[in-house]
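# Per-entry structural report
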Amino acid sequence: MTNQKFKKKLDDLLLICQKNLPKTDESLIRRAFEFGFNAHRHDIRASGEPFFDHPYEVAKIVAKEIPLDDVSVAAALMHDVAEDTEYTVNDIRAEFGDDVADIVDGATKISDIFKSHEVTQAENYRKLLLSMVDDVRVMLVKFADRLHNMRTLEYLSSEKQKRLAKETLEIYAPFAHRFGLANIKWELEDLAFKYLNREAYDAIARDLKSRRREREHYIRKFAQPIEKRLREVGYKFEISGRPKHLYSIYNKMVKRNKPLEEIYDLFAVRLILDTEDNNDCFAVYGIVADTYIPNPERFKNYISVPKKNGYQSIHTTVVGPEGRMVEVQIRTRGMHEVAERGVAAHWMYKENVAIDEELHNWVTWVREIFETAAEGQAPAQQLMESFKLNLYQDEIYLFTPKGDLKILPKGSTPVDFGYEIHSKVGDHCIAAKVNGRIVPLDTLLRSGDQVEILTSKSQTPNPDWEKFVITHKAKSHIRRWIREEQRKAADSGKEIWEKRVKKAKISINNDDLAKFLTDRKIDNTTAFFIGIKEGKIDPDEIITTIIDDQRHPHPVMPDEGRLTGLFNKFLTSARDVAGGGIVLEGRQDRYMHNYAKCCQPIPGDDVVGFVTTGEGIKIHRRSCKNIQLMMQVENNRIVDVQWPSNNGVMFVAGVRISGDDRPGMLNDITQAISSYVNTNIRSVNIDSSSGMFEGTFILNVQNTDHLNKVLERIRRIKGIKRSERFEE
Ligand code: MN
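Residues numbered from 1 in each chain as written. Predicted model: local features only at pLDDT ≥ 70, side-chain atom pairs only at ≥ 80, totals over all residues. Heavy atoms only, no water.

This part is about the overall build of the protein chain. Broken down by element type, the protein chain carries 30 helices and 20 strands. Counting across all 728 residues of the protein chain, residues that qualify as buried make up 48%. Across the protein chain, contacts joining residues at least 24 apart in sequence account for 68% of those joining residues at least 6 apart. (Helix = DSSP H or I, 4+ residues; strand = E, 2+ residues; numbered from the N terminus. Buried < 20%, exposed > 50% of the residue type's maximum accessible area, 1.4 Å probe, protein only. Contact = heavy atoms within 4.5 Å.)

Shown next as structure tokens:
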């Protein structure tokens, strides 16, 4: 045993720790080194080197390239002990305590997962995530482990090389990216690429090498005038050509279908400022833009708006010497640390902050998803697919209840999802369940969500949806529906109007009507006809007014006065016939009327009418608080009204339901409602929290009898706590 050699190695490692880590517990590193060395003393690597070389190199990566903390370095030195030697995690726990032991345990479990050939790859992925969420340091040690294994991959069989390279490209590199470990990500990708596509790798590497001098020369030429000015102002900085990554060049070639030369065409320069003041970056940008003409479309300010993984920098593209485009990145030293080392840099700078909040949220979300998946709700294979892709893109990956994958843009809601499945599903959606829970229709969906859309034949698109949907498909369907509805309403409004005009045996030409509309500030005839159809405009009243105008033109009469006059006439006439109460007969009766939104009366309710200006008689329930107030203030405008005998007209009623939020609940409710003769659901609004839900359903019913029967049916459903008419 070459003790002398390893003594030197330990000193080297301690030096690296002291240089790179915020603090170093020397005795901890020393003991871990000895423990690891001793445990592996009989083992040999495929390369023929002592096995301990591997954990030692991993520890160096953890100390220098990520860099983490002394606890992680200690864990790295022993990360293969439990897997490959007679010692167990418990031995480590007894000797080093929980922190170190838990990291070793996590790293060992991940290795176990990949060794077993029985579990699917997707399952591996899931477990990798699950093990990661306990302590983010497990993942970081694992990245270092994988990096060293990839660096020494040449000694393994070609079959093993391919398998590890693929796994690295599919799983470790995207994760390193999400953690903001840019350098490790690039290296993992390039190494994997080398073993997966040797020919392409060699070709690009050769080409890069042959152009290196030319590139370096050009970048020096480009940098000179900038360096001069920065020195004049007194900045401390570092300016360099940005390293090129083979795999990303290869990807660009494939994606853009372009030859090597064109991909190289863009030079890239990085300017790192030794300053604490972010504003210096903008000042330096000013100097760069003053030296070379910038392309304003290629300016990105990631300083004010950092990327999701914490990346900050200014990116700009300028026209350099010989008219060649040069991309310039400007950042402070601190930003550079985060860019290269991501979460590990946060770790270093914020002591006692184990995980920054955003990563924490992400981790929590991942855990939630996988807990649901563990209950057998989402297919693991597709879940994996979605994560693989989502780590790079602004799209989200969703699943139907049957497990089909749907890809939607970030920010999509259940309504977008509904339209993505089919326009009919979108048009008729009344509610949604995400991962088995009822959610409002405007909920933001997230990757991995399993989404179930509940539909009702009677539901139609709600114009409000347009405010929150983001897909083109959903927007255009909703708009088309609104336009179509308006056209239909205008058509039937026009029909009503023409019948009334004919019945009044008068002639109203277009000019008369146009003049009237202008006076009333109505935009156009379409709006006018829709108003008639919706009962907001009474055709008879307008005919009277127009006839009045024709007989007694009064050009200077102000709008207000005429309306008041009209109103008084209307009121008197309404009170005259109101002896026994006005009988409401739908649209055919003499008096324009409509139903108050505040109390939404339906036949069977005790009602009264209130004579309004311009909207005819408004019908309220006698119990309505609003009408009770008005009765006190303007009792003279109250008229008695009576419901007609049942004529099949449908009324709108709101009901409020609450109960247990159990699987199938919403379905049971919609079933109970819609299976009752002639009951339609207009809309549903549901909130659920801690196992309970509360919802408002808007229904079409004939009268109070009808409504009460429906409420009774709902009450009989298992788990319903309350089912009653909506009262203010
Ligand atoms: Mn290892």
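The next subject is a positive patch on the surface. There is a patch of like positive charges on the surface, built from Lys252, Lys255, Arg256, Arg298, Lys300 and Lys307. When residues in the positive patch are grouped by element, the largest group, three residues, is from helix H14 (residues 246-256). Within the secondary structure, lysine 255 is located in helix H14. (Patch = residues over 30% accessible without salt bridge, like charges linked within 9 Å, V, L, I, M, F, W, Y side chains within 5 Å. Areas by Shrake-Rupley, 256 points an atom, 1.4 Å probe, with all protein chains shown as cover. Salt bridge = Lys/Arg side-chain N within 4 Å of Asp/Glu carboxyl O. Lys, Arg positive; Asp, Glu negative; His and termini not counted. Charge placed at Lys NZ, Arg CZ, Asp CG, Glu CD.)

Once that is clear, we can look at the coordination of the manganese ion. Each protein donor to the manganese ion is listed here as His54 (NE2), His79 (NE2), Asp80 (OD) and Asp145 (OD); together their distances run 2.2 to 2.3 Å. Here the donor residues of the manganese ion share one chain and are spaced in sequence as H-x24-H-D-x64-D. On the criterion of sequence distance, the pair formed by histidine 54 in helix H3 (residues 53-65) and histidine 79 in the loop between helix H4 (70-77) and helix H5 (81-84) is long-range, its members being 25 residues apart. For the pair formed by histidine 54 and histidine 79, the shared burial category is buried. (Donors = N, O, S within 2.8 Å, 3.2 Å for Na, K, Ca; no water.)

As for its placement among the helices and strands, lysine 467 is situated in the loop between strand S11 (451-455) and helix H23 (472-503). Residue class for lysine 467 comes out exposed when judged on its relative accessible area of 68%. Separated by 25 residues in the primary sequence, lysine 467 and aspartate 442 have C-alpha atoms spaced 9.2 Å apart.

Two quantities define a packed helix pair, namely the angle between the helix axes and the distance between the axes. Following both chains from N to C, one finds helix H11 (residues 182-196) and H14 inclined at 70°, their axes separated by 7 Å at the closest point. Relative to H14, the element H11 is oriented roughly perpendicular. Where H11 approaches H14, its residues Trp186, Glu189, Asp190 and Phe193 are matched on the opposing element by Leu246, Tyr247, Ser248 and Tyr250. A breakdown of the residues in the contact of H11 with H14 according to their chemical character gives five nonpolar, one polar and two charged. (Axes fitted to C-alpha atoms, helices over the stretch in contact; angles between N-to-C directions. Parallel < 35°, antiparallel > 145°, perpendicular 65-115°, else oblique. Nonpolar A, V, L, I, M, F, W, Y, C, P; charged D, E, K, R; others polar.)

Membership of the largest hydrophobic core comes to 62 residues, with the highest contact counts inside it found for Leu13, Val73, Leu77, Met78, Ile92, Val100 and Phe143. Non-local contacts of methionine 78, meaning those with residues more than four positions away in its chain, are made with Ala32, Phe35, Gly36, Ile92, Phe96, Val100 and Val104. Formed by 35 residues, the second largest nonpolar core is a distinct cluster that contains Ile438, Tyr676, Ile681 and Val710. (Core = buried A, V, L, I, M, F, W, Y, C linked by side-chain atoms within 4.5 Å.)

The share of residues in the protein chain with pLDDT of 70 or more is 79%, and the mean pLDDT across the chain is 79. Here helix H20 (residues 380-390) stands out as the least confident element of the protein chain, with mean pLDDT 43; helix H21 (residues 414-421) is the most confident, with 95. Taken together, the stretch residues 369-393 has pLDDT below 50 and engages in 54 contacts with residues farther than four places along the chain or on a different chain. (pLDDT = per-residue confidence, 0-100.)

Our focus in this paragraph is helix H13 (residues 212-233). Residue pairs three or four apart in sequence face the same way in an α-helix, which turns once every 3.6 residues. For H13, spanning 22 residues, the distance from its first C-alpha to its last is 31 Å, which sits close to the expected 32 Å at 1.5 Å a residue. At alanine 223, H13 shows its largest bend, some 35°, and a proline, proline 225, comes one to four positions later. Along H13, the positions that sit buried rather than exposed are Arg215, Tyr218, Ile219, Phe222, Ala223, Ile226 and Leu230. Looking one or two residues beyond H13, the residue adopting positive phi is glycine 234, at roughly 100°. (Expected span 1.5 Å × (residues − 1). Bend = angle between axes of the 7 residues up to and from the residue.)

The next thing to look at is the sheet that holds strand S19 (residues 692-701). Across the sheet, four strands lie side by side as S18-S19-S17-S20; this open sheet has antiparallel pairing. The outermost strands of the open sheet, each flanked by one partner alone, are strand S18 (680-689) and strand S20 (720-725). Averaged over all neighbouring strand pairs, the angle between strand axes comes to 15°, with direction disregarded. Sheet topology note: the strand S17 (residues 651-660)/S19 ladder contains ten bridges and is antiparallel. Each bridged residue has a counterpart across the sheet, and for glycine 659 the counterpart in S19 is phenylalanine 693. Sheet strands touched by helix H29 (residues 665-674): S17, S18, S19 and S20. Its angle to S19, the strand with the most contacts, is close to 20°. (Pairing = 2+ DSSP bridges.)

A separate point is the sheet that holds strand S10 (residues 437-439). One open sheet accounts for three strands, arranged S10-S9-S11; its pairing is antiparallel. Each edge of the open sheet is held by one strand with a lone partner, namely S10 and S11. Strand-to-strand, the axes of this sheet are offset by a mean angle of 35°, without reference to chain direction. Across three bridges, strand S9 (residues 429-434) lies against S10 in antiparallel orientation. Bridge assignment links valine 434 to a residue of S10, and that residue is arginine 437.

Among the secondary structure elements, lysine 433 is positioned in strand S9. As a buried residue without a salt bridge, lysine 433 has its nearest oppositely charged side chain in glutamate 452, at a separation of 4.5 Å. Apart from residues no more than four positions distant in its own chain, lysine 433 is found in contact with Ile438, Gln450, Val451, Glu452, Leu454, Pro663 and Gly664.

The next thing to look at is the pairing of S19. Sheet topology note: the S18/S19 ladder contains nine bridges and is antiparallel. By the bridge assignment, asparagine 685 is partnered in S19 with threonine 696.

It is worth spelling out the pattern of salt bridges at this point. Under the defined criterion, the tally for this structure stands at 40 salt bridges. With a closest N to O distance of 3.4 Å, arginine 198 and aspartate 202 form a salt bridge. Of this pair, arginine 198 and aspartate 202 both sit in helix H12 (residues 198-210), four residues apart, which is roughly one turn of the helix. We note a salt bridge from aspartate 605 to arginine 621, for which the minimum N-O separation is 3.8 Å. Separated by 16 residues along the polypeptide, aspartate 605 in the loop between strand S13 (593-595) and strand S14 (607-611) and arginine 621 in strand S15 (residues 617-621) bring together distant segments of the chain. Exposure remark for arginine 621: the relative accessible area of 6% places this residue in the buried category. It is possible to trace a salt-bridge network through shared partners that takes in Glu214, Lys221, Glu322 and Arg324.

For the rest of this paragraph, the subject is a nonpolar patch on the surface. Judged by side-chain polarity, Ile293, Val319 and Met325 come together as a nonpolar surface patch covering roughly 240 Å² of accessible area. Counting through the fold element by element, methionine 325 comes out in strand S6 (residues 325-332). Residue methionine 325 is classed as partly exposed on the basis of its relative accessible area of 30%.

Take unusual backbone geometry next. Located in the positive-phi region is glutamate 322, a residue other than glycine, with phi close to 65°. Position of glutamate 322 relative to the elements: it lies in the loop between strand S5 (314-319) and S6.

Regarding helix H24 (residues 510-519), the residues found buried are Leu513, Phe516 and Leu517. For H24, the angular spread of the buried residues around the axis is 100°, confining them to a single face. Structural note: H24 exposes Asp511 and Thr518 on the side pointing more than 90 degrees away from its buried face. (Arc of directions from axis to C-beta.)

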